[in-house]
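These are the residues of each chain, in order.
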Amino acid sequence: MKLEIDTNKYYEEVEQKRIKLADQMKNEFEYQILKRGINYYKNKNVIAVYKNNNTYYSQVSSDNGIDEYQVKIIEKKDGVEMECDCPCSYPCKHEYATLLAIDNNDIKEIELLPEIEYVDYDLHDIIVKIPSDELKEYILERISKTRLIFNDIETFNKKFNKYIPVQKEGYYYNHLYNLLIMNMSVDNLIVDYMLKIKDYINYKNYKQAFVIIKSLINAFYKVEKNISLEQIEDGIIAKLGMYARIIYRKIEKPEQEKIDEWINELTIQDFFNDVYLEDMILTIK
């Protein structure tokens with residue numbers, strides 16, 4: 001005898017038995033935070049929640065509607081991991097409001113690019129790579145000038161930048177792309193990228209500086225919504241153009257040819273439909 005199973009009813013029962021994330025994590029929150037989180041959810045401060053595999057990303061507005069905070073919730077077998085970029089050093093109302101939104105299925109399924117792991121390092125990792133004669137020369141020079149050896153980390157990084165690990169192109173591109181496709185604020189990230197570009201130019205690591213420039217431009221134009229560069233903070237595009245021109249003049253010939261290839265790709269893909277990008281690209285060479 002064939003046993004018929006009502007699959008819809010089965011999954012409904014499974015969902016009902018599932019422990020709600022808000023209930024599962026409520027002991028992590030102070031009582032007042034719980035109340036504020038509930039009010040945030042009821043007042044629709046949770047702008048959007050996106051789900052990618054077992055990870056949820058949300059954008060939560062403040063009471064005044066001016067500030068927006070980004071929350072990340074990871075559902076694991078052994079528990080739940082929560083992150084929020086607000087100033088709180090403890091589980092916050094933005095996180096609890098997001099948990100409530102997840103439990104009420106106020107989510108959108110999207111496919112994000114994989115997060116590329118940051119290539120971390122410490123001073124020990126760098127020093128072991130530096131040839132002894134170079135390190136000796138640096139130490140003697142610093143002692144003769146300031147009697148400080150490693151306190152001036154900026155000077156150290158500039159001197160030995162070629163030994164410091166760099167991030168993969170996907171680290172910059174994927175992170176920015178994912179924020180854009182979720183309509184989340186990228187202002188702080190772009191400022192961080194711009195500072196890194198400037199540092200790499202100062203360190204004469206022109207190849208890595210251009211990797212970040214390329215990631216910025218490509219990410220903005222690969223998202224489905226053709227986000228106009230006009231929306232980026234005033235002066236950013238002009239600075240990108242200036243940095244790109246400096247790099248093109250200073251970089252080695254093989255890397256310069258790769259920039260030429262990239263510009264040709266932009267032309268083929270009709271990336272010149274934005275006047276700001278067109279002006280920047282045409283003035284690189």
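So, here is what we can say about the structure in this document. (Residues numbered from 1 in each chain as written. Predicted model: local features only at pLDDT ≥ 70, side-chain atom pairs only at ≥ 80, totals over all residues. Heavy atoms only, no water.)

### Some remarks on a negative patch on the surface
Selection rule: What goes into a patch is any residue over 30% in relative accessible area without a salt bridge, connected to like charges within 9 Å or, for nonpolar side chains (Val, Leu, Ile, Met, Phe, Trp, Tyr), within 5 Å. Surface accessibility in these figures is a Shrake-Rupley result with a 1.4 Å probe; residues are shielded only by whichever protein chains are displayed. Definition used for salt bridges: Asp or Glu carboxyl oxygen within 4 Å of a side-chain nitrogen of Lys or Arg. All tallies of charge rest on Lys and Arg as positive and Asp and Glu as negative; His and the ends of each chain are not included. The atoms used to mark charge sites are NZ of Lys, CZ of Arg, CG of Asp and CD of Glu. Numbered from the N terminus, helices here are DSSP runs of H or I no shorter than four residues, and strands are runs of E no shorter than two.
Together, Glu 117, Asp 120, Asp 122 and Asp 125 make up a negatively charged patch on the protein surface. Along the chain, Asp 122 turns up in the loop between strand E5 (108-109) and helix H5 (123-127).

### Regarding the side chain of Ser 62
Stated precisely, the cut-off is as follows: Note on exposure labels: buried denotes an accessible area under 20% of the residue type's maximum, exposed denotes more than 50%, and partly exposed covers the range between, all computed with a 1.4 Å probe on protein chains only. Counting of polar contacts relies on pairs of N or O atoms within 3.5 Å, with two restrictions inside protein: one atom must be capable of donating a hydrogen and the other of accepting it, and residues adjacent in sequence are counted only when both atoms are side-chain atoms. Contacts between residues were defined by any pair of non-hydrogen atoms, one from each residue, lying within 4.5 Å.
With respect to the secondary-structure elements, Ser 62 resides in the loop between strand E2 (55-61) and strand E3 (68-76). By relative accessible area, which is 9% here, Ser 62 ends up buried. Of the polar contacts made by the side chain of Ser 62, one reaches the side chain of Asn 64; its length is 2.4 Å. The contacts of Ser 62, once residues within four sequence positions are left out, are Tyr 40, Asn 45, Asp 67 and Tyr 69.

### Quick look at the pattern of salt bridges
For the structure on display, the rule yields 7 salt bridges. Lys 76 serves as the salt-bridge partner of Glu 81, at 2.7 Å between the closest nitrogen and oxygen. For Lys 76, a relative accessible area of 39% corresponds to the partly exposed category. In this structure, Lys 207 and Glu 255 form a salt bridge, with 4.0 Å as the shortest nitrogen-oxygen distance.

### Here's the deal with the side chain of Asn 218
When you line up the elements, Asn 218 lands in helix H10 (residues 206-222). A residue is classified by how much of its surface remains accessible, and Asn 218, at 12% relative accessible area, is buried. A polar side-chain atom of Asn 218 sits 3.2 Å from a polar atom in the side chain of Trp 262.

### Examining the pairing of strand E1 (residues 46-52)
The line we're drawing: One bridge is not enough; two strands pair if DSSP finds at least two bridges between them.
Among the 7 residues of E1, 5 are classified as buried, and the element is accordingly described as predominantly covered. As paired strands, E1 and E2 are joined by 6 bridges and run antiparallel to one another. Note on E2: the bridge partner recorded for Ala 48 is Gln 59. Counting the residues in the hairpin turn of E1 and E2 gives 2 residues, including Asn 53, whose phi is positive at 60°. Where E1 and E5 come together, 2 bridges link them in parallel fashion. Within E5, the position partnered with Tyr 50 by the bridge is Lys 108.

### Notes on the sheet that holds E5
Backbone-to-backbone hydrogen bonds join strands into a sheet, with any given pair of strands oriented parallel or antiparallel. Reading across the sheet, the 5 strands line up as E4-E3-E2-E1-E5 and stay open at both edges, with mixed pairing between neighbours. A strand with exactly one partner marks an edge of an open sheet, and here the two such strands are strand E4 (79-84) and E5. One ladder, built from 7 bridges, connects E2 with E3; its direction is antiparallel. The partner of Val 60 across the bridge, within E3, is Tyr 69.

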